[in-house]
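Residue strings, one per chain:
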Amino acid sequence: MINGIDHIGIAVRSLSAAIPRYERVLGRPCERIETVTHQDVRVAFFEVEGSRIELLEPITEQSPIARFIAKRGEGLHHIALRSSALAVDLARAVEGGCEQLSGVPSGGAHGAQIAFLHPRGMSGVLVELCAPAALAEPGRATDNRSLSIQPTTKNFHE
Ligand code: ZN
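Cut-offs and rules
Residues numbered from 1 in each chain as written. Predicted model: local features only at pLDDT ≥ 70, side-chain atom pairs only at ≥ 80, totals over all residues. Heavy atoms only, no water. Helix = DSSP H or I, 4+ residues; strand = E, 2+ residues; numbered from the N terminus. Buried < 20%, exposed > 50% of the residue type's maximum accessible area, 1.4 Å probe, protein only. Contact = heavy atoms within 4.5 Å. Donors = N, O, S within 2.8 Å, 3.2 Å for Na, K, Ca; no water. Expected span 1.5 Å × (residues − 1). Arc of directions from axis to C-beta. Pairing = 2+ DSSP bridges. Axes fitted to C-alpha atoms, helices over the stretch in contact; angles between N-to-C directions. Phe/Tyr/Trp six-rings, centres within 6.5 Å; stacked < 30°, edge-to-face > 60°.

Caption draft 1: View of the overall build of the protein. On a plain count of helices and strands, the protein comes out with three helices and eight strands. For the protein, the N- to C-terminal ordering of α and β elements is β-α-β-β-β-α-β-α-β-β-β. Within the protein, the proportion of its 158 residues that are buried is 47%. Partitioning the intrachain contacts of the protein with sequence separation of at least 6 by distance along the chain shows that 59% fall at a separation of at least 24.

Caption draft 2: Here's a closer look at the coordination of the zinc ion. Taken together, His-7 (NE2), His-78 (NE2) and Glu-128 (OE) make up the protein donors of the zinc ion, found 2.0 to 2.1 Å from the metal. Accessibility expressed as a relative area gives 3% for His-7, which makes it buried. Using a relative accessible area of 4% as the deciding quantity, one classes Glu-128 as buried.

Caption draft 3: Structural view of helix α1 (residues 15-26). Counted at 1.5 Å a residue, the expected span for α1 with its twelve residues is 16 Å, and the 15 Å between its end C-alpha atoms agrees. For α1, every residue scored as buried is listed here: Leu-15, Ala-18, Ile-19 and Leu-26. For α1, the angular spread of the buried residues around the axis is 105 degrees, confining them to a single face. When the buried face of α1 is taken as reference, the exposed residues oriented beyond 90 degrees from it are Ser-16, Arg-24 and Val-25. Tucked into the core, α1 has its buried residues touching β2 (32-36), β3 (41-48) and β4 (51-58). Once α1 finishes, Gly-27 follows within two positions and takes phi at roughly 70 degrees, a positive value.

Caption draft 4: Spotlight on unusual backbone geometry. Positioned with a positive phi, Asp-40 is a non-glycine residue whose angle comes to about 55 degrees. Residue placement: Asp-40 occurs in the loop between β2 and β3. Among the residues examined, Asp-40 registers a relative accessible area of 17% and is labelled buried. Although it is not a glycine, Ser-123 adopts a positive phi angle of roughly 55 degrees.

Caption draft 5: View of the sheet that holds β2. Spatial strand order, β2-β3-β4-β1-β5-β8-β7-β6: eight strands in an open sheet with mixed pairing. Each end of this open sheet is capped by a strand with a single partner; those strands are β2 and β6 (106-107). Note: β2 against β3, five bridges, orientation antiparallel. Looking at β3, one finds that Arg-32 is bridged to Phe-45. Packed onto the sheet, α1 meets β1 (2-11), β2, β3 and β4 and runs at close to 5 degrees relative to β3.

Caption draft 6: Highlighting the packing of aromatic side chains. All told, the structure shown has one aromatic pair when counted by the stated rule. Note on Tyr-22 and Phe-46: the rings are 6.3 Å apart at their centroids and 40 degrees apart in plane angle, and the pair reads as tilted. One end of the pair, Tyr-22, is in helix α1; the other, Phe-46, is in strand β3, and 24 residues separate them in sequence. On the accessibility criterion, Tyr-22 (24% relative accessible area) is partly exposed. A relative accessible area of 0% places Phe-46 in the buried class.

By themselves, these are just geometric observations and shouldn't be taken as functional.
So, in structure tokens, the structure goes:
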């Protein structure tokens, strides 16, 4: 079941430039910064009333975020829907004609299980289905480093 907007991902060139602007507008400090190595990004988190804004800064040229910015500039990168049953929600989306961007759900920030749906089937928006670690299936590894990671957004901009 989809039960909320988990976060909104925004591609930025520089966290040090973007964080103060978002802190000013949101009226609160950046909660923390995390590196998601398999996506080659640094992520700055802002909690906003049960949801989050995530600023995504590429740390390599190969990062999907680097390619996104090269092509479109900074801006809205994806919307993440919170899922209480990732496999079920993903199956429903795929049966409905959406295209999943990687073979298996993989690890995201916060130890979440995530899967991406191609913008082609979602009116031009990259959609992430996200099962927060607390909601992930019991007995399943939720630590990024212990998962076999599939590239999830590698070909989406090409
Ligand atoms: Zn995300």
